[in-house]
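Each chain, letter by letter, is given below.
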Amino acid sequence: MLRIRACVAGALMLACHLVTAEAQTPPGKPNPFAGAKSWAYQLNNLGPEQQTRIAASPYDLVVIDYARSEAEDRIETPLTRDEVARMKVKPDGSRRLVIAYLSIGESEDNRYYWKPEWDRKRPAWMGAESREWKGNYLVKYWEPVWQRIIFGHPQSYVDRILSAGFDGFYVDRADAYYRFGDSADARARMAALLVKLSDYIRARRPDAGIMMQNAEELLERREVVAAIDAIAKEDLVYGISHREGRNKRDDIDYSTKLLKDAQGAGKAIFVVEYLKNPKNIAEASRHMADLGFVLYYGPRGLYEIASAPSAGGNTPGPALRGSRERGKASGAATKAPARTKAKAE
């Protein structure tokens, strides 16, 4: 009898959880990314010259940082509302979406929230420095103190981005959970953070778009699918090892299945491939067009954007060159480490 009662209680809790998850997306809310047929991605080197080049590009969607960091003093300078507004206007006068990068699984030492004493002794909720990206530190993403930095009050990271006039959020390092062991509990904690973050953003600005980078294995959870509007996948076909080689078929198929399922649920799918070889670029373009995914290719350092997409939105021209600022990504590593498919234990 006790086992029966426990099963019934568990089923009711699961049902309530799923109802809550389904309620994440407001009824009838159009997907803000549905009209984006081309996109670009640049996190570094966001000075006035590069802002002008972004504004002059024809992309429907651009992902950038909400601030630029000066190499000399390591302090970020938030982009102004006017600067963001200028980048929202395409050369033909039509509107483009401009969304801001937001790391939820790592802290960054150039951010406004970084305290000088953390250089000497990191707080208990902050882990070791990333081997891939200097100045980035793993965080215990489930801890309230970290979540309070990201969202929940007018001075939070999310609110600063909204105040600058961005159209939404490019949520990165949702895959950082695996640094604590790729377990069902670690995934559940990250899923819970994504739901809370989404709820807060949509309460503050219902029309803001939410795009998650990588961590496509979390799309197996219905509450995660409901919490986002789109997903961007790095290195889907090429470069999982950070070399321009084709990925293993099993890895491509695993990620593609999850992305197609999300697409079937009404989510927009974007892919970034870090490619230089014209043959690989052409093959990636054909592949994404067949899948209905929106492709962007550009430099792995994310310090420049490619000059223009093709008519089909999938093939940019040569990259726009510019001087590099101190930023989050290096020329040798992308922001989220590519990795093979993961399964919860």
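The following refers to the structure shown. (Residues numbered from 1 in each chain as written. Predicted model: local features only at pLDDT ≥ 70, side-chain atom pairs only at ≥ 80, totals over all residues. Heavy atoms only, no water.)

### Comments concerning the overall build of the protein chain
Assigned secondary structure in the protein chain consists of 9 helices and 13 strands. Residues classed as buried in the protein chain amount to 55% of the 345 residues present. A fraction of 70% describes how many contacts in the protein chain between residues 6 or more apart in sequence connect residues 24 or more apart. In the form shown here, the protein chain has an accessible surface area of approximately 15,100 Å², with 56% of it arising from carbon and sulfur atoms. (Helix = DSSP H or I, 4+ residues; strand = E, 2+ residues; numbered from the N terminus. Buried < 20%, exposed > 50% of the residue type's maximum accessible area, 1.4 Å probe, protein only. Contact = heavy atoms within 4.5 Å. Areas by Shrake-Rupley, 256 points an atom, 1.4 Å probe, with all protein chains shown as cover.)

### Here we look at the pattern of salt bridges
Counting across every chain of the model gives 21 salt bridges. As a salt-bridge pair, R173 and E106 come within 3.4 Å of each other at their nearest N and O atoms. Placement of the pair is R173 in the loop between β9 (168-172) and α6 (184-204) and E106 in strand β6 (residues 106-108), with a sequence separation of 67 residues. Pair check on accessibility: R173 and E106 agree, each one buried. Linked by salt bridges that have partners in common, D65, E76, E108 and R111 make up one network. (Salt bridge = Lys/Arg side-chain N within 4 Å of Asp/Glu carboxyl O.)

### Digging into the side chain of D159
Locating D159 in the fold gives a position in helix α5 (residues 157-163). Of the residues examined, D159 reaches a relative accessible area of 2% and is grouped as buried. For D159, the side chain forms a polar contact with the side chain of S156, separated by 2.7 Å. Within the structure, the side chain of D159 is placed 2.6 Å from the side chain of Y200, a separation counted as a polar contact. When near neighbours in sequence (up to four residues on either side) are disregarded, D159 contacts H153, P154, Y200 and R204. (Polar contact = N/O pair within 3.5 Å; in protein donor to acceptor, adjacent residues only side chain to side chain.)

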